Amino acid sequence: MSQYHITCYCYECNGSNSETCSGKDAEKGRTAAVHPSKYKDLKGKKVNIEGVGVRVIEDTYNKRLDSNRIDVYVGNTGICRCSSNPINGMRTVTFYQKNE
Ligand SMILES: [Zn+2]
């Protein structure tokens, strides 16, 4: 378990492109993103985010951002409201072992 800075992203602030770097389309309730430096190790792993639920690591965010962060995909909302999403904040995160 560790503490991560949880933020969210949507269809709008992802440049109107829901494709993840895994090649799959991002999906609300499933997709989360990590820093590019951590992606190779965490790709496809499930993570439980306190107060949010289980997500799958299948995307990355801008490499210039702090790496102690997980971005949660919140889907197509029409207008980006990510900065006021209640998901945002420090939360306890547990990475499941592979195939769990
Ligand atoms: Zn957004």
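Residues numbered from 1 in each chain as written. Predicted model: local features only at pLDDT ≥ 70, side-chain atom pairs only at ≥ 80, totals over all residues.

Novice: Describe the confidence of the model for the chain, naming the residues involved and giving the relevant values.
Specialist: Residues shown with low pLDDT carry predicted positions that ought not to be read at fine detail. Residues at a pLDDT of 70 or more form 95% of the chain, whose mean pLDDT is 90. Looking across the chain, the model is least confident in helix α1 (residues 36–42), with a mean pLDDT of 94, and most confident in strand β3 (residues 46–49), with 97. (pLDDT = per-residue confidence, 0-100. Helix = DSSP H or I, 4+ residues; strand = E, 2+ residues; numbered from the N terminus.)

Novice: Tell me what's going on with the sheet that holds strand β6 (residues 89–95), and back it up with residues and numbers.
Specialist: Sheets are built from strands paired through backbone hydrogen bonds, the pairs being either parallel or antiparallel. Taken together, the six strands give a closed barrel; going around it, the order is β1-β5-β2-β4-β3-β6, and neighbouring strands pair in mixed fashion. Each neighbouring strand pair of the sheet contributes to a mean axis angle of 45°, computed without reference to strand direction. (Pairing = 2+ DSSP bridges. Axes fitted to C-alpha atoms, helices over the stretch in contact; angles between N-to-C directions.)

Novice: Quick rundown of the nonpolar core? Include the residues and the values.
Specialist: A32, V72, Y73 and V74 are the most contacted members of the largest nonpolar core, which has 16 residues in total. Contributions of two or more residues to this core are made by β1 (2–9), β2 (31–34), β4 (53–60) and β5 (69–73). Setting aside residues no more than four positions away along its own chain, Y73 makes contact with Y9, A26, E27, K28, T31 and A32. (Core = buried A, V, L, I, M, F, W, Y, C linked by C-beta atoms within 7 Å. Buried ≥ 20, exposed ≤ 12 C-beta atoms within 10 Å, placed from the backbone. Contact = placed C-beta atoms within 7 Å.)

Novice: Can you lay out the environment of E27 for me, pointing to particular residues and giving the numbers?
Specialist: Following the sequence through the fold, E27 ends up in the loop between β1 and β2. In this structure the C-alpha to C-alpha distance between E27 and C10, which are 17 residues apart in sequence, comes to 9.8 Å.

Novice: Account for the environment of K40, naming residues and giving values.
Specialist: Tracing the backbone shows K40 in helix α1. A count of 8 C-beta atoms within 10 Å places K40 in the exposed class. Distance from K40 to T60, taken between C-alpha atoms, is 10 Å for residues 20 residues apart in sequence.

Novice: So what's going on with the pairing of β1? Which residues, and what values?
Specialist: As judged from the five bridges shared by β1 and β6, these two strands associate in the antiparallel manner. In the strand pairing of β6, S2 is matched with V93. As defined by bridge partners, β1 adjoins β5 across five bridges and the pair is classed as parallel. Bridge pairing in β5 places T7 opposite D71.

Novice: Could you give me a rundown of the pairing of β6, with the residues and numbers involved?
Specialist: Strand direction decides the pairing type here: β3 and β6, joined by three bridges, are antiparallel. Counterpart to V47 in the pairing with β6 is F95.

Novice: Break down the environment of S22 for me, with residues and values.
Specialist: Residue position: S22 is located in the loop between β1 and β2. S22 gets classed as partly exposed once you count the C-beta atoms within 10 Å, which come to 16. Once the C-alpha coordinates of S22 and E58 are considered, the two residues, 36 residues apart in sequence, prove to be 5.6 Å apart. Each residue touching S22, except ones within four places of it in the same chain, is listed here: K43, E58 and D59.

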